[in-house]
Amino acid sequence: MKVRVRAFATLAGLLSGGEVELELPEGCTIREALEALIGRCGKVLAQALFGQEGRLAPGVKVMLNGRDIDFLSGLNTRLSDGDEVFLFPPVGGG
């Protein structure tokens, strides 16, 4: 199945052009998709996305087709062909 991953702001620079299409096995989860993405884009992306114990880093938001995965099954949310995953870095400012 094909899944499109789009990254924004500081995370966009870690992906080629801020957008990547992944070919993944059926029934893959968000976590597995992010691991495949890290394998393709490098360790710096892993450090930007994940904190301790394999959890998302504080402030990192992952959306699936416009829905926050915190309100789905988190990193265990299953993907389907044609899904879009959006990655947002922590937001700061004043």
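Summary of the structure given here. (Residues numbered from 1 in each chain as written. Predicted model: local features only at pLDDT ≥ 70, side-chain atom pairs only at ≥ 80, totals over all residues. Heavy atoms only, no water.)

## Some thoughts on the sheet that holds strand β5 (residues 84-88)
Spatial strand order, β2-β1-β5-β3-β4: 5 strands in an open sheet with mixed pairing. Single-partner strands in this sheet number two, and they are β2 (19-23) and β4 (67-68). As judged from the 4 bridges shared by strand β1 (residues 2-7) and β5, these two strands associate in the parallel manner. Across the sheet, the residue bridging to Arg6 is Phe86, located in β5. (Pairing = 2+ DSSP bridges. Helix = DSSP H or I, 4+ residues; strand = E, 2+ residues; numbered from the N terminus.)

## Let's talk about the nonpolar core
Among the nonpolar cores identified, the biggest contains 27 residues, and Ile30, Leu37, Leu79, Val85 and Leu87 are the most heavily contacted of them. Contributions of two or more residues to this core are made by β1, β2, α1 (30-41), α2 (43-49), β3 (61-64) and β5. The element best represented in this core is α1, accounting for 5 residues. When residues no more than four places from it in sequence are discounted, the contact partners of Val85 are Val3, Arg4, Val5, Arg6, Ile30, Val62, Met63, Leu64 and Leu79. (Core = buried A, V, L, I, M, F, W, Y, C linked by side-chain atoms within 4.5 Å. Buried < 20%, exposed > 50% of the residue type's maximum accessible area, 1.4 Å probe, protein only. Contact = heavy atoms within 4.5 Å.)

## Here we look at the pairing of β5
Inspection of the sheet shows β3 paired to β5 by 4 bridges, in the antiparallel sense. Note on β5: the bridge partner recorded for Lys61 is Phe88.

## So, the pattern of salt bridges
All chains considered together, the criterion is met by 7 salt bridges. Across the pair Glu21 and Arg4 runs a salt bridge, and its minimum N-O distance is 3.6 Å. In this pair, Glu21 is assigned in strand β2 and Arg4 in strand β1, connecting sequence segments 17 residues apart. A residue is classified by how much of its surface remains accessible, and Glu21, at 39% relative accessible area, is partly exposed. The network of salt bridges with common partners includes Lys2, Arg4, Arg6, Glu19 and Glu21. (Salt bridge = Lys/Arg side-chain N within 4 Å of Asp/Glu carboxyl O.)

## Side note on the packing of aromatic side chains
Going through the model one piece at a time under the given rule, you end up with 2 aromatic pairs. Pairing Phe8 with Phe86 gives two aromatic rings, centres 6.1 Å apart and planes at 35°, and the pair type is tilted. Here the residue Phe8 occupies a position in the loop between β1 and β2, and Phe86 occupies one in strand β5, the gap between them amounting to 78 residues. Their ring planes at 5° and their centres at 4.8 Å tell us that Phe8 and Phe88 sit as a pair that is stacked. Residue Phe8 is located in the loop between β1 and β2, and its partner Phe88 is located in strand β5; the two are separated by 80 residues in the primary sequence. Here Phe8 falls in the partly exposed class, since its relative accessible area comes to 29%. (Phe/Tyr/Trp six-rings, centres within 6.5 Å; stacked < 30°, edge-to-face > 60°.)

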